[in-house]
Amino acid sequence: MHTFYLPIGEATITLQDVEVMYGLPVDGHPVAMPHAMREQTGLQYLDILQRLTGLQPPEETALVGASRLQLTTVRQHLEALHPDITDDTPELHIHWYTRLLLLLMFGGVLFPNSSGNLVSLRFLHHLERLNDLPQYNWGVAVLGYLYMQMCRASMGTQRDVARLLPLLQFIWRPYNDELIAGLPDYCSVNQIMWSSSIPLMFLDIVEHHATERVLRQFGRPQLKKQLERALKLLHPVQKKQLKWRAELKISAPKVTSSSRGIGH
């Protein structure tokens, strides 16, 4: 799974850390990849990129694989698009600029790969309607991506962990009530989700938020029965993951605050 074994027991990064530390929403629509985009070619991704951002790389070789673009290309286009945004800047160009900045943030901060210079164009679907961006549970996607990278690193398929680095620099102790009370609302609005045992969706990847193994992080006793149940779930979850990836569609149900974890 995605836990660290310490002398005092298991610990891990949870949705609580993502929301408290970065204010990323952990409730809302899943950041899933639409079924129609699974068969997209590199040229089709480049056509969508040009329509949404005005960026049109000279040829398909600008892509790495079928859907990843170098961030250097994005930065260069941003510099050429507008040195400054003013009141006279056309609204279309402002939208282009905004989407390009978001691609930089996705590839450089939230979902970096080990090279630090690539971004997935599969996010273009979520950038189509900028007003819809706050409705997605970006915190869930970030944590799911981190878990995936931790899995790959632990299994030896890659040497580096591409991730939002500060999330791995944590101190094992529950957040106290005083700290939570002093946070901005957007850093604590979804407290009911923090200890939920739920799937974490990131495009076509599904990971498990196994909070039943780290209940002490939420100030609760870690009962042996709960831990045994979590261990029994370990292998079935991994075996079903490929099936989840194949069947996942954009119409997946919304994860809402009514979803309750084992600890509730």
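Residues numbered from 1 in each chain as written. Predicted model: local features only at pLDDT ≥ 70, side-chain atom pairs only at ≥ 80, totals over all residues. Heavy atoms only, no water.

Glancing now at the sheet that holds strand S3 (residues 31-32). The mixed open sheet is built from three strands, whose spatial order is S3-S7-S8. Edge positions in the sheet fall to S3 and strand S8 (205-208), since each of these pairs with one other strand and no more. Relative to strand S7 (residues 199-203), S3 is paired through two bridges, and the arrangement is parallel. When the bridges of S7 are listed, Val31 appears paired with Phe202. (Pairing = 2+ DSSP bridges. Helix = DSSP H or I, 4+ residues; strand = E, 2+ residues; numbered from the N terminus.)

On to the nonpolar core, then. Membership of the largest hydrophobic core comes to 61 residues, with the highest contact counts inside it found for Leu69 and Phe111. Broken down by element, this core gets its largest block of residues, ten residues, from helix H6 (residues 138-154). Beyond its immediate chain neighbours, meaning those up to four positions away, Leu69 contacts Leu49, Leu55, Pro57, Ala62, Leu63, Val74, Asn117, Leu118, Val119 and Leu121. (Core = buried A, V, L, I, M, F, W, Y, C linked by side-chain atoms within 4.5 Å. Buried < 20%, exposed > 50% of the residue type's maximum accessible area, 1.4 Å probe, protein only. Contact = heavy atoms within 4.5 Å.)

What follows concerns the side chain of Glu19. Structurally, the position occupied by Glu19 is in helix H1 (residues 15-22). When residues no more than four places from it in sequence are discounted, the contact partners of Glu19 are Leu24, Pro25, Val26, Tyr186, Cys187, Ser188, Val189, Asn190, Gln191 and Trp194.

Glancing now at the pairing of S7. Among the five residues in S7, four count as buried, and that is most of the element. Taken together, the four bridges between S7 and S8 define a ladder with antiparallel strand orientation. Bridging from a neighbouring strand, Pro199 pairs with His208 of S8. If you look at the hairpin formed by S7 and S8, you'll find one residue sitting between the two strands.

Evaluated as defined, the whole model comprises nine aromatic pairs. Note on Phe111 and Tyr145: the rings are 5.7 Å apart at their centroids and 85° apart in plane angle, and the pair reads as edge-to-face. Remark: Tyr145 occurs in helix H6 and Phe111 occurs in the loop between helix H4 (91-110) and strand S6 (118-120); sequence separation between them is 34 residues. Of the two residues, Phe111 and Tyr145, both sit in the buried class. (Phe/Tyr/Trp six-rings, centres within 6.5 Å; stacked < 30°, edge-to-face > 60°.)

Take the sheet that holds strand S5 (residues 68-70) next. Within the open sheet, the three strands sit side by side as S4-S5-S6. Their pairing is antiparallel. Edge positions in the sheet fall to strand S4 (63-64) and S6, since each of these pairs with one other strand and no more. As defined by bridge partners, S5 adjoins S6 across three bridges and the pair is classed as antiparallel. In the strand pairing of S6, Arg68 is matched with Ser120.

Below, the discussion takes up the pattern of salt bridges. Enumeration according to the criterion identifies four salt bridges in this entry. Put simply, Arg122 and Asp204 hold a salt bridge, and the shortest N to O gap is 3.3 Å. Of this pair, Arg122 sits in the loop between S6 and helix H5 (124-127) while Asp204 sits in the loop between S7 and S8, and the two are 82 residues apart along the sequence. A salt bridge links Asp132 to Arg129; the shortest N-O distance between them is 2.8 Å. Judged by relative accessible area, which is 21%, Asp132 ranks as partly exposed. (Salt bridge = Lys/Arg side-chain N within 4 Å of Asp/Glu carboxyl O.)

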